[in-house]
Structures are given as structure tokens and as C-alpha cells.
Amino acid sequence: MGKPTITLKQRTTPVELPDPLGFGAHFTDHLYEARYEEGKGWFNHTIKPLEPLSLHPASSFMHYGQAIFEGLKAYRKGDDILLFRPDQNFERMNNSAARLCMPALDVAETVEHLKALVEIEKDWIPTNKGEALYIRPYMIGTEAALGVRPSKSYIFQIILSPVGAYYASGFAPVKILVEDEYVRAVRGGLGESKAAANYGGSMLAALKAKEKGFTQVLWLDAVERKYVEEVGTMNIFIRFNDEVATPALSGTILPGVTRRSVLKVLDDWKMNPVERKIPIDEVVERHTKGEVLEVFGAGTAAVISAVGELAYKDNRMTIGDGGVGELSQKLFDELTGVQYGEKPDPYGWVVKV
Ligand code: COI
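A word on the pattern of salt bridges
Then, number 1: Counted under the stated rule, the structure contains 26 salt bridges.
Then, number 2: Notably, a salt bridge pairs Arg239 with Glu294, separated by 2.8 Å at the nearest N-O pair. One end of the pair, Arg239, is in strand β11 (residues 235-240); the other, Glu294, is in strand β14 (residues 292-299), and 55 residues separate them in sequence. For the residue pair Arg239 and Glu294, the accessibility class agrees, reading buried in each case.
Then, number 3: Between Arg316 and Glu309 there is a salt bridge, with the nearest N and O atoms lying 2.7 Å from each other.
Then, number 4: Taking the relative accessible area as the measure of exposure, Glu309 reaches 12% and is therefore buried.
Then, number 5: A single network of salt bridges, built from pairs that share partners, joins Asp242, Glu243, Arg276, Glu282, Arg286 and Glu291.

A closer look at the site of the ligand
Then, number 1: With respect to spatial proximity, the complete set of residues near the ligand consists of Phe23, Phe69, Gly71, Tyr134, Arg136, Tyr166, Lys194, Tyr199, Thr233, Thr300 and Ala301.
Then, number 2: Contact distances for the ligand include 2.7 Å between an oxygen atom and a side-chain N or O atom of Lys194.
Then, number 3: A distance of 2.8 Å separates an oxygen atom of the ligand from a polar atom in the backbone of Ala301.
Then, number 4: Taken atom by atom, the bulk of the ligand overlaps the largest pocket.
Then, number 5: Tallied by class, the residues present in the shell around the ligand amount to six nonpolar, three polar and two charged.
Then, number 6: Counting only domains with at least three residues in the shell around the ligand, you end up with domain 1 (5-163) and domain 2 (174-339).

Calculation criteria
- Residues numbered from 1 in each chain as written.
- Predicted model: local features only at pLDDT ≥ 70, side-chain atom pairs only at ≥ 80, totals over all residues.
- Heavy atoms only, no water.
- Salt bridge = Lys/Arg side-chain N within 4 Å of Asp/Glu carboxyl O.
- Helix = DSSP H or I, 4+ residues; strand = E, 2+ residues; numbered from the N terminus.
- Buried < 20%, exposed > 50% of the residue type's maximum accessible area, 1.4 Å probe, protein only.
- Near = heavy atom within 4 Å.
- Polar contact = N/O pair within 3.5 Å; in protein donor to acceptor, adjacent residues only side chain to side chain.
- 1 Å grid on protein atoms, 1.4 Å probe; cavity = no way out; pocket = protein on both sides within 12 Å on 5 of 7 lines; lining within 4 Å.
- Sits in = over half its atoms within 2 Å of the grid points.
- Nonpolar A, V, L, I, M, F, W, Y, C, P; charged D, E, K, R; others polar.
- Domains from an automatic or database assignment.

Written as C-alpha cells, this is what we have:
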């Protein structure tokens with residue numbers, strides 16, 4: 001396994017973390033980059049000072065959308081730097097790449113190169129609970145060619161950003177509007193890929209929801225507009241009185257690493273986690289009967305985000321007392337406890353840099 005070539009920036013002052021951190025607004029000094037060419041494979045694995053990209057205006061991703069990304073985090077405990085299930089993110093990235101006819105990464109090598117980058121940037125890792133170093137790997141097709149076909153060259157980069165809570169409300173419960181006009185993904189499409197296009201396509205609905213006072217939208221399936229899918233920046237869980245349900249992966253939902261981890265933890269806690277189709281009408285009906293105890297989202301950026309209010313057509317449902325539910329808080333504490341190295345890691349999810 002090759003090592004990346006490293007060129008370091010000369011800092012004249014120590015790293016000072018911005019306050020407040022916000023989400024994705026500040027970037028560290030260095031990035032990781034690898035280039036790919038058809039017939040040659042991946043080459044030029046480098047860690048170097050962060051700099052703007054110079055690209056040909058015909059670069060294919062700008063025209064035809066061969067752009068995918070990932071999101072994971074690094075945490076700090078004393079001198080230790082911890083990553084949470086990084087292999088899962090690069091495996092998912094390879095799945096996204098396959099869907100968009102882009103090249104696969106060597107997962108083990110990419111994790112090692114990421115570790116080298118994070119080690120160099122360790123002073124940028126915030127230590128307060130809820131804060132972390134967000135890791136954004138991404139890949140784009142860069143061939144200068146306007147024919148609609150897969151690019152023959154690619155750039156893969158990893159940039160790093162010290163972050164706090166994803167939502168402006170911090171870890172306070174979010175208000176979610178169930179989207180009944182626009183759709184996110186159809187079966188056979190890009191829904192389960194972390195394609196940039198999925199996020200561009202979600203912005204109009206999110207903007208309209210924001211104008212109505214909501215934080216985000218909850219997508220319904222695109223065919224029947226009946227079943228709950230995901231929020232777009234996080235997977236959704238509904239704690240009913242007799243089970244904790246999350247939509248089954250059907251090809252249209254992002255298979256979240258946090259989602260998978262939550263399911264495992266809930267299983268161990270004997271909370272009856274269930275992956276199934278969840279009709280929105282069932283949620284409304286069971287809410288009127290008092291059977292919807294909690295709703296929360298799960299994602300790398302969002303961690304565990306309690307949903308305080310869910311609105312669907314004319315129904316405005318306050319979830320529980322509108323605050324952070326007991327299970328949401330317990331899951332947040334458990335996951336962040338493991339991620340920050342404060343709690344035992346029975347599944348071996350945490351990788352030390
Ligand atoms: C993540 O949770 O890492 C995401 O990718 C969500 C969002 C910031 C795009």
C-alpha cells in the first residue's frame with residue numbers, strides 16, 4: 001500500500017478554532033487528492049495545502065453530474081484521534097461510484113491516507129461534545145469532453161471542516177414538513193447513491209419549507225406519495241408505542257452509516273427496531289391515538305436530531321412534548337459516547353488514527 005506524498009503548509013501561528021463553528025463554513029490547511037485516468041488507475045496520492053482547483057470548463061461533472069461525496073467525522077479524546085466506521089463510508093462511496101460509472105477506490109488504502117491527513121490536521125479537531133472534524137471526501141469526473149458518456153479522468157479529494165451542530169437550532173428539536181409536491185428519488189434512480197444531484201434536487205422543497213418555518217422536509221416515496229422515506233440530510237426513525245420503525249431500504253433511500261448503527265444499538269437494547277414501509281397516514285392516525293412517542297433523524301452531520309414537530313397537509317403534529325425524547329437523548333449519548341471514546345465500543349466501530 002503506497003503512502004501519499006506530503007507537502008506541508010508553513011503555519012506562522014497556531015490553529016485557532018473559529019467560534020461559533022457552524023457547519024461546513026471553515027476548512028483546515030490541507031487536503032488529500034488522488035487522480036485517476038482510464039488505463040492508468042489512481043495515481044498522484046498527495047496531501048498538500050488546500051488550494052483552489054483548476055479545471056477545464058468542459059469537465060464532465062459540471063455538465064453531466066458525475067459527482068459523488070461522503071461525510072464522516074473525526075473526534076478527539078486527549079491525544080487520541082478517533083474515526084467512526086470510515087470503511088463503511090468508502091464502501092458506500094464505491095457503490096455510488098458504480099452507479100454513476102465512476103472508478104472504485106481502494107477502501108483500505110483510502111482509510112490509511114485519510115488517517116495521515118487527519119493526523120496532520122489534528123489541531124483542527126474540536127473537543128467539545130457535539131463538535132467534531134467533518135470529513136468530506138468527494139469525486140468528480142474531469143475529462144474535457146461534451147459527449148454524454150463516463151469521464152475518462154477523475155479527481156478524488158478529501159477536505160476537512162471543524163463543525164458544530166448541523167442545524168442552526170443546535171441540538172434543539174427540528175420542525176419537519178412532510179413534502180407532498182416534490183419528490184427526491186425513484187426506484188432505479190440515484191436515491192441510494194450519495195450523488196451531488198440528489199442534494200441539488202432537494203433545495204427547492206427545502207427552501208419553500210423554510211419559508212413556512214420548517215427546518216427541513218421529510219420525503220415521501222415518489223410513486224404513491226404515501227410512504228415515508230428520508231429527510232435528505234438524515235434518515236428518519238419513528239418510535240411507536242410498540243416498535244422503533246425506520247423505512248426499509250428500497251433503493252430510493254440513502255443507506256446511512258448512523259442509521260445502521262442506530263438499528264444495531266436498538267436491537268441490543270431490545271427496543272424492537274423494525275425496517276419496513278411506513279405509510280404517512282399511519283403516522284398521522286397513530287399520532288392522534290398517542291402512539292407516536294418520538295421521531296428522530298440519524299445522520300453523520302445531524303447525529304441524532306429530535307423532531308419536535310411534523311406537519312403533513314393540514315395536520316401539525318407535536319411529537320411528545322415537542323422536546324428531545326428520552327430515546328433520542330439516550331441514543332445521542334450512546335453514539336457520541338462511543339464516537340468520542342468515552343464509552344465502551346462493543347462493536348469495534350471506532351478506528352484510532
Ligand atoms: C452527512 O451527514 O454527512 C451528510 O452528507 C448530510 C449533509 C451535510 C449533506
